[in-house]
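# Structural description and commentary
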Amino acid sequence: MNIMLFHSTFGLRPAVRDAADRLRAAGHEVWTPDLFGGRTFETVEEGRAFKDELGKEELLKRAILAAAPYSERGLVYAGFSLGAATAQTLALGDDKARGLLLLHGTSDIAETASVDELPVQLHVAEPDAFEPDDWLTAWYLQMGKVGADVEIYRYAGAGHLYTDPGLPDYDEEAAEATWRVALGFLETL
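We now turn to the structure provided with this report. Predicted, not measured: the structure shown is a model, and the values here were computed from it. (Residues numbered from 1 in each chain as written. Predicted model: local features only at pLDDT ≥ 70, side-chain atom pairs only at ≥ 80, totals over all residues. Heavy atoms only, no water.)

## Details of the pattern of salt bridges
For the coordinates displayed, the defined rule picks out 8 salt bridges. Between K51 and D52 there is a salt bridge, with the nearest N and O atoms lying 3.4 Å from each other. Judged by its relative accessible area of 24%, K51 falls in the partly exposed class. Judged by relative accessible area, D52 falls into the exposed class, the value being 53%. (Salt bridge = Lys/Arg side-chain N within 4 Å of Asp/Glu carboxyl O. Buried < 20%, exposed > 50% of the residue type's maximum accessible area, 1.4 Å probe, protein only.)

Put into structure tokens, the structure is as follows:
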């Protein structure tokens, strides 16, 4: 499987590269574009400030340019938090997308979005201040309306970015469970 893996607001951290290596070890080809041009951040606030300075349009432009050379192959779009939101936007706009793997995040859904049974898997903490229950319910229903086939996995007591061992949110048990399920999902695509 060809996977485009987008980083979180913290930037292209070692955890993203480690995740890509894990996916490669399972036989997948993986790209990890650096949408922040080499910048990484220690806090969510610093990362958000940089993202806001960069602007949503520029971030999306960078993501599209990173994916464009590979989209003809039929990509699985994946990402962490902000990267998951970016992956979702690209996957819903790419008629050749093979799947969508969302780790720790979702995004608004364009009213014009339409997919043909796109397989989607979401992994989020429970509770998650960035992905509240009401939002996730509405998101799930809207994704179904646009034609996505969605599975949601919740991890009680885990922090928002629980798969990143370099952050305080890290939860080894939840992270390993996520990767087991996600790798199984990718094998079905």
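## Things to note about the sheet that holds strand β2 (residues 29-31)
Two modes of strand pairing occur in sheets, parallel and antiparallel, and in both the strands are linked by backbone hydrogen bonds. A sheet is described by the order of its strands in space; here 6 strands give the open sequence β2-β1-β3-β4-β5-β6, paired in parallel fashion. In this open sheet, the two strands that pair with only one neighbour each are β2 and β6 (149-156). When the angles between neighbouring strand axes are averaged without regard to direction, this sheet yields 15°. The pairing of strand β1 (residues 2-6) with β2 spans 3 bridges and is parallel. Among the inter-strand pairings, M4 is bridged to a residue of β2, identified as W31. (Pairing = 2+ DSSP bridges. Helix = DSSP H or I, 4+ residues; strand = E, 2+ residues; numbered from the N terminus. Axes fitted to C-alpha atoms, helices over the stretch in contact; angles between N-to-C directions.)

## A word on the nonpolar core
With 35 residues, the main nonpolar core has Y77, L100, V120 and M143 as its most contacted residues. Elements represented by at least two residues in this core include exactly β1, α2 (44-54), α3 (56-67), β3 (75-80), α4 (82-92), β4 (99-103), β5 (119-126) and α5 (133-146). With 6 residues, α4 is the single largest residue contributor to this core. Counting 20 residues, the second largest nonpolar core, distinct from the first, contains I3, L12, F80 and L161. (Core = buried A, V, L, I, M, F, W, Y, C linked by side-chain atoms within 4.5 Å.)

## As for a nonpolar patch on the surface
Taken together, the side chains of Y140, L141 and I152 present a nonpolar region at the surface, about 270 Å² in accessible area. Within the secondary structure, I152 sits in strand β6. (Patch = residues over 30% accessible without salt bridge, like charges linked within 9 Å, V, L, I, M, F, W, Y side chains within 5 Å. Areas by Shrake-Rupley, 256 points an atom, 1.4 Å probe, with all protein chains shown as cover.)

## Brief notes about the layout of surface pockets
In this structure, the largest pocket encloses a volume near 820 Å³. In this structure, the largest pocket is lined by 31 residues; those nearest its centre are L82, A85, T106, S107 and D108. For the lining of the largest pocket, the secondary-structure elements that each account for two or more residues are α2, α3 and α4. Per element, the largest residue contribution to the lining of the largest pocket is 6 residues, and it comes from α4. Within the lining of the largest pocket, the residues separate by chemical class into 13 nonpolar, 12 polar and 6 charged. Computed from the structure, the second largest pocket encloses a volume of approximately 160 Å³. What lines the second largest pocket is simply L60, I64, A67, A68, S71, Y77, T89, L90, G93 and D94. Broken down by secondary-structure element, the contributors of at least two residues to the lining of the second largest pocket are α3 and α4. Tallying contributions element by element places α3 first for the lining of the second largest pocket, with 3 residues. Residues that form the lining of the second largest pocket fall into these classes: 6 nonpolar, 3 polar and 1 charged. (1 Å grid on protein atoms, 1.4 Å probe; cavity = no way out; pocket = protein on both sides within 12 Å on 5 of 7 lines; lining within 4 Å. Points joined across faces, edges and corners; volume = space filled by probe spheres on them. Nonpolar A, V, L, I, M, F, W, Y, C, P; charged D, E, K, R; others polar.)

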